[in-house]
Amino acid sequence: MTPGDVVEILSGDHVGHLGVVLDLHPNGLVGVACGTGTAGRDDTHYVIRARERFGLRMGLPKDTYFYQSRGIAWAKPDQFKSTERTAPPDVVRELRKLHG
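Before going into details, it helps to say that this report is about the structure given with it. The structure displayed is predicted, hence computed values, not measured ones.

Side note on the overall build of the protein
Line of reasoning, step 1. Looking only at helices and strands, one finds 2 helices and 7 strands in the protein.
Line of reasoning, step 2. In terms of overall size, the protein behaves like a compact globule, its C-alpha atoms giving a radius of gyration of 12 Å where 100 residues would be expected to give roughly 13 Å.
Line of reasoning, step 3. Each principal axis of the C-alpha atoms in the protein carries an extent, and together these give about 35 × 25 × 25 Å.
Line of reasoning, step 4. Burial status across the protein gives 39% buried among its 100 residues.
Line of reasoning, step 5. In the form shown here, the protein has an accessible surface area of approximately 5,700 Å², with 47% of it arising from carbon and sulfur atoms.
Line of reasoning, step 6. Looking at the protein, you have 13 positive and 12 negative side-chain charges, and the mean spots of the two groups are 3 Å apart.

Looking at the sheet that holds strand S1 (residues 5-9)
Line of reasoning, step 1. Taken together, 5 strands build an open sheet; the order of strands is S6-S3-S2-S1-S7 and the sheet is antiparallel. In this open sheet, the two strands that pair with only one neighbour each are strand S6 (72-75) and strand S7 (80-86). Strand-to-strand, the axes of this sheet are offset by a mean angle of 40 degrees, without reference to chain direction.
Line of reasoning, step 2. As paired elements, S1 and S7 share 5 bridges and run antiparallel to each other. Considered in S7, the bridge of Val-7 is made with Ser-82.
Line of reasoning, step 3. Contacts between helix H2 (residues 89-98) and the sheet are confined to strand S2 (18-24) and strand S3 (30-34), with S2 contributing the most and set at about 75 degrees to the helix.

What counts and how
- Residues numbered from 1 in each chain as written.
- Predicted model: local features only at pLDDT ≥ 70, side-chain atom pairs only at ≥ 80, totals over all residues.
- Heavy atoms only, no water.
- Helix = DSSP H or I, 4+ residues; strand = E, 2+ residues; numbered from the N terminus.
- Rg over C-alpha atoms; globule rule 2.2 N^0.38 Å.
- Buried < 20%, exposed > 50% of the residue type's maximum accessible area, 1.4 Å probe, protein only.
- Areas by Shrake-Rupley, 256 points an atom, 1.4 Å probe, with all protein chains shown as cover.
- Lys, Arg positive; Asp, Glu negative; His and termini not counted.
- Charge placed at Lys NZ, Arg CZ, Asp CG, Glu CD.
- Pairing = 2+ DSSP bridges.
- Axes fitted to C-alpha atoms, helices over the stretch in contact; angles between N-to-C directions.
- Contact = heavy atoms within 4.5 Å.

Nothing here speaks to function; it is all geometry.
If you want it as structure tokens, here you go:
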């Protein structure tokens, strides 16, 4: 697993959601920005449209929202399943800014 990998979340509150790996911690944990298909929250967010270039490249089934308030999920690598897709560098950069 490397930063930019698109993963499916296998445990916790975000099971079945897609996320983007943002960081790898020396202790072995993986930091993932968790996406959701739920729109309309009054919170700072970044959206990737499913039918636009980045969404198509990432294989998103629907528009995906990354909310600042959701933070980053830190877990062992076995809590994520690779989709064998990667997020474009621009997406990784925006998500890192969001979670600054």
